[in-house]
Amino acid sequence: NTFRVRFQTENSVLHIGNKQNRIPALYKGHEIATHGVKHLTLARCPMTDVVKEILEDRQALEELTGEIVCGHAYPNGSYSPEIKTLLPSLGIHYARTATDTGLYTHPQDFYEWNPTCHYNNRLMYHAKEFLSFDLPQFQYLFYVWGHSYEFDVDDNWEYMESILKKLAFHDDIF
């Protein structure tokens, strides 16, 4: 599981409320990825802004968690070939798009990692299909993306929990 912790900037000071001391324990065992300090549409930005957006976010997350952050989720799904080429020099090893494929395959390009689906895009259908696969020689990947705040907005934490219960406790799923 990869989680993105969103910072908001105000006068160059990072604010995440009173949850800062809970973050390391809350996300222990999960990977945290950058998503940009200001959630800019990166393909529209000068490369200097892209560098700043990702590096400031990475630095803040690493200070907060004490862990190395090496993943990125493109804000608004926005990226370009130039941004993909830049990411390794920023210490980023992979980046997720927002392009749902409906597929269960491993990425061909780790800097253009297209997920199976957004959690609000036929998730139950995809979960059932994923569970129906019975070819152990293949390594299927079910990659769901979304924002945790969406569960609050859509009032559907229970729905997501039901999906996770369906996928849990299978010896061949990790």
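What you are looking at is a predicted structure, and each value in this text was computed from that prediction instead of being measured. (Residues numbered from 1 in each chain as written. Predicted model: local features only at pLDDT ≥ 70, side-chain atom pairs only at ≥ 80, totals over all residues. Heavy atoms only, no water.)

The next point concerns the environment of Lys 28. Position of Lys 28 among the secondary structure elements: in the loop between helix 1 (23–26) and strand 4 (31–32). Here the alpha-carbon distance between Lys 28 and Glu 67, two residues 39 residues apart in the chain, equals 9.7 Å. (Helix = DSSP H or I, 4+ residues; strand = E, 2+ residues; numbered from the N terminus.)

This part takes up the confidence of the model for the protein. This prediction gives the protein a mean pLDDT of 87; 88% of its residues lie at or above 70. This stretch, residues 9–15, has a pLDDT under 50; its non-local contacts, to residues over four places away or in other chains, come to ten contacts. (pLDDT = per-residue confidence, 0-100. Contact = heavy atoms within 4.5 Å.)

Judged by nonpolar contacts, Leu 42, Cys 45, Val 50, Ile 54, Tyr 74, Ile 83, Leu 86, Leu 87, Leu 90, Ile 92, Ala 95 and Tyr 111 together constitute the single largest core of twelve residues. For Leu 87, the contacting residues outside a window of four places in its chain are Ile 54, Tyr 74, Ile 92, Ala 95 and Tyr 111. Formed by eleven residues, the second largest nonpolar core is a distinct cluster that contains Tyr 104, Ala 127, Phe 130 and Phe 151. (Core = buried A, V, L, I, M, F, W, Y, C linked by side-chain atoms within 4.5 Å. Buried < 20%, exposed > 50% of the residue type's maximum accessible area, 1.4 Å probe, protein only.)

With that settled, the discussion passes to the side chain of Thr 97. Here Thr 97 lies in the loop between strand 6 (94–96) and strand 7 (117–118). For Thr 97, a relative accessible area of 0% gives the class buried. Only 2.5 Å separates the side chain of Thr 97 from the side chain of Asn 114, close enough to count as a polar contact. If we skip the residues at most four places from it in the chain, Thr 97 touches Tyr 74, Tyr 79, Glu 112, Trp 113, Asn 114 and Pro 115. (Polar contact = N/O pair within 3.5 Å; in protein donor to acceptor, adjacent residues only side chain to side chain.)

The next subject is the environment of Val 51. Mapped onto the fold, Val 51 is located in helix 2 (residues 47–65). You can call Val 51 partly exposed: its relative accessible area is 25%. As for Val 51 and Ser 89, which are separated by 38 residues in sequence, their C-alpha atoms are 9.6 Å apart. When near neighbours in sequence (up to four residues on either side) are disregarded, Val 51 contacts Leu 86 and Leu 90.

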